[in-house]
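# Structural characterization, general
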Amino acid sequence: MNRFPNPDDLLVLLTVARLGRFTAVAEALETTHTTVSRRISALDRQLGGRTLARTPAGWELTDLGRHALRAAESIESSLATLKSEVSHRGEVVSGVVRVHVSDAFGAYIAGPAIVDLQRDHPRLKVELLSATRRASRNRSGVDLEVVAGRVEDSRSEVMVLCEYTLRLFASPGYLQEQGRPTSLSDLDRHRFVSYVDSELQVAELDYRSTGLPVPSAAFQATSIFAQLQAVRAGGGIGMLPSYVVHGDPDFTPVLVDSFERSVNYSALARPESLRAPGVQAVIGAFLAETRRQRVALGS
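In short, a report on the structure. Not measured: the values here are computed from a predicted model.

## Some thoughts on the pattern of salt bridges
Applying the stated criterion to the full structure yields 12 salt bridges. One salt bridge connects Asp-44 with Arg-50, and the closest N-O pair in it is separated by 3.7 Å. Of the charged contacts, one joins Glu-127 and Arg-98 as a salt bridge, the two residues approaching to 2.7 Å between their closest N and O atoms. In this pair, Glu-127 is assigned in strand 4 (residues 124-130) and Arg-98 in strand 3 (residues 95-101), connecting sequence segments 29 residues apart. Arg-98 sits in the buried class, given a relative accessible area of 12%. Connected via shared salt-bridge partners are Arg-98, Lys-125 and Glu-127.

Listed below in structure tokens is the structure:
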């Protein structure tokens with residue numbers, strides 16, 4: 001190596017390490033896939049070896065890449081410190097953080113948490129992608145993922161954010177029309193609202209894994225919001241997150257003493273992503289919001 005590597009190239013490598021895909025990096029840095037590839041190639045030439053290796057999960061750091069990453073993080077930290085000192089505004093978090101969340105968490109926890117966070121850090125942009133699914137083995141393109149249920153992923157850092165309760169709910173109109181079940185065995189004569197069996201990836205959200213009787217007729221949807229509206233409209237009994245309907249008179253708890261299920265929300269990220277100030281700020285905001293909603297989460 002004849003001269004120091006370009007700091008801009010090191011910062012591009014840092015973003016690749018966090019997002020895993022050149023296309024996602026290009027979007028985050030407002031450049032092109034070709035430019036990202038060219039900068040990584042230039043860095044490799046300067047360092048005399050490959051900094052990245054392609055895997056099914058996206059681009060991963062080589063041993064040389066991990067050494068370069070530490071230098072890139074030092075540059076990022078120094079720039080952040082300089083910016084803070086110049087602005088005299090304390091620590092300012094900026095940039096783009098891409099987060100994949102489950103549907104309900106995104107709407108009821110992540111949404112208000114991010115709004116509060118951006119009041120203190122208006123230059124931080126958070127892109128929220130939502131779907132209810134199990135933890136992804138290919139976390140390319142996102143900085144952080146929040147999933148419900150058990151996590152089996154040894155390649156990521158995992159942090160349990162909170163625990164919430166699933167209970168059975170129906171609308172007052174449905175119970176007036178069909179009667180209130182008095183035992184779990186009564187459920188087999190009731191309509192049930194649930195996820196689509198063949199599409200659901202999270203076992204903890206499947207009524208079949210709870211020991212509940214299989215309903216004779218059911219409304220099924222991949223979206224928790226469609227299920228909420230179906231229960232509200234009298235479509236049947238649903239197994240819903242209690243915090244989503246907490247205090248809503250359109251939802252009446254059913255068999256409170258006979259059934260409940262506790263499920264965790266966990267945050268997953270690559271170790272490289274967790275060191276980013278923006279990702280740390282988002283996780284902190286999520287933890288603060290779950291603490292604020294702890295009564296509803298466990299209700």
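Don't stop here, the text continues.
## Structural notes on the nonpolar core
In terms of nonpolar packing, the biggest core is built from 61 residues, with Phe-105, Tyr-164, Leu-168, Tyr-243, Tyr-265, Val-282 and Phe-286 touching the most fellow members. For Phe-286, the residues in contact, after removing those within four places along its chain, are Val-99, Phe-105, Ile-109, Ala-110, Ala-113, Ile-114, Leu-144, Val-146 and Leu-161. Core analysis: the second largest hydrophobic core is formed by 20 residues, Leu-10, Leu-43, Leu-61 and Ala-72 among them.

## Focus on helix 2 (residues 22-29)
Along helix 2, the residues classified as buried are Phe-22, Ala-24, Val-25 and Ala-26. Those residues of helix 2 that are buried lie in contact with helix 1 (7-19), helix 3 (33-47), strand 1 (52-55), strand 2 (58-61) and strand 3. Two residues or fewer after helix 2 comes Glu-30, characterised by a positive phi angle close to 55 degrees.

## Examining the pairing of strand 3
Judged by how many residues are buried, strand 3 sits mostly within the fold: 5 of 7 residues are covered. Handedness of the crossover joining strand 3 and strand 4 through helix 5 (residues 103-120) is recorded here as right-handed. By the bridge criterion, 2 bridges tie strand 3 to strand 5 (residues 144-148) in an arrangement that is parallel. In the sheet register, Val-99 faces strand 5, and the bridge partner there is Leu-144.

## Focus on empty space enclosed by the protein
Counted under the stated rule, the structure contains 2 cavities of 30 Å³ or more. Put simply, the second largest cavity is a space of about 40 Å³. Phe-192, Val-193, Ser-194, Tyr-195, Leu-205, Tyr-207, Gln-227 and Met-239 are the residues that line the second largest cavity. Per-element accounting of the lining of the second largest cavity gives the leading share, 3 residues, to strand 7 (residues 191-194). Its residues placed into classes, the lining of the second largest cavity shows 6 nonpolar, 2 polar and no charged.

## Some remarks on the side chain of Thr-62
Inspection of the secondary structure puts Thr-62 in the loop between strand 2 and helix 4 (63-87). A distance of 2.6 Å separates a polar atom in the side chain of Thr-62 from the backbone oxygen of Arg-50. Beyond its immediate chain neighbours, meaning those up to four positions away, Thr-62 contacts Arg-50, Thr-51, Leu-52 and Ala-53.

## Observations regarding the packing of aromatic side chains
Evaluation of the coordinates by the stated rule reveals 8 aromatic pairs. Aromatic pair Phe-105 and Phe-286: ring centres 5.2 Å apart, planes at 85 degrees, arrangement edge-to-face. Linking Phe-105 in helix 5 with Phe-286 in helix 10 (residues 277-292), this pair joins segments that are 181 residues apart in sequence. Summarising the burial analysis for this pair, Phe-105 and Phe-286 share the class buried. Between Tyr-108 and Tyr-243, the aromatic rings sit 6.3 Å apart at their centres with planes inclined by 85 degrees, giving edge-to-face as the arrangement. With a gap of 135 residues between them, Tyr-108 in helix 5 and Tyr-243 in helix 8 (residues 242-245) connect regions that are remote in the sequence.

What counts, and where the lines are drawn
- For every chain, the first residue of the written sequence is number 1, and numbering continues from 1 along that sequence.
- Per-residue local features of the predicted model are confined to residues with pLDDT of at least 70, and side-chain atom pairs are confined, for both listing and counting, to 80 or more; whole-chain, interface and lining totals are unaffected and use all residues.
- Side-chain calculation: all heavy atoms of the structure are included, whereas hydrogens and water are not.
- The working definition used for a salt bridge is a side-chain nitrogen of Lys or Arg within 4 Å of a carboxyl oxygen of Asp or Glu.
- Going along the chain from the N terminus, every DSSP run of H or I of four or more residues is numbered as a helix, and every run of E of two or more is numbered as a strand.
- Each residue is placed in one exposure class: buried if its accessible area under a 1.4 Å probe, protein chains only, is under 20% of its type's maximum, exposed if it is over 50%, and partly exposed if it falls in between.
- Grouping buried Ala, Val, Leu, Ile, Met, Phe, Trp, Tyr and Cys residues that are joined through side-chain atoms within 4.5 Å yields what is termed a nonpolar core.
- Contacts between residues were defined by any pair of non-hydrogen atoms, one from each residue, lying within 4.5 Å.
- Place the viewer so that the strands point away; then a crossover is right-handed whenever the path from the first strand over the helix to the second strand goes clockwise.
- Paired strands, as defined in this entry, are two strands with at least two bridges between them according to DSSP.
- Of the two site types, the cavity is a set of points on a 1 Å grid over the protein atoms alone where a 1.4 Å probe fits but cannot get out, and the pocket is an open set with protein on both sides within 12 Å along at least five of seven lines, each lined by residues with an atom within 4 Å of a point.
- Grid points are joined across faces, edges and corners, and a volume is the space filled by probe spheres set on the points.
- Three categories are distinguished: nonpolar for Ala, Val, Leu, Ile, Met, Phe, Trp, Tyr, Cys and Pro, charged for Asp, Glu, Lys and Arg, and polar for the others, with Gly belonging to the last.
- Any pair of nitrogen or oxygen atoms within 3.5 Å is treated as a polar contact; in protein, a donor-acceptor pairing is required on top of that, and neighbouring residues in sequence qualify only through side-chain atoms on both sides.
- The rule is short: rings of Phe, Tyr and Trp, with Trp giving its six-membered ring, pair when the centres are within 6.5 Å, and they are stacked under 30 degrees, edge-to-face over 60, tilted in between.

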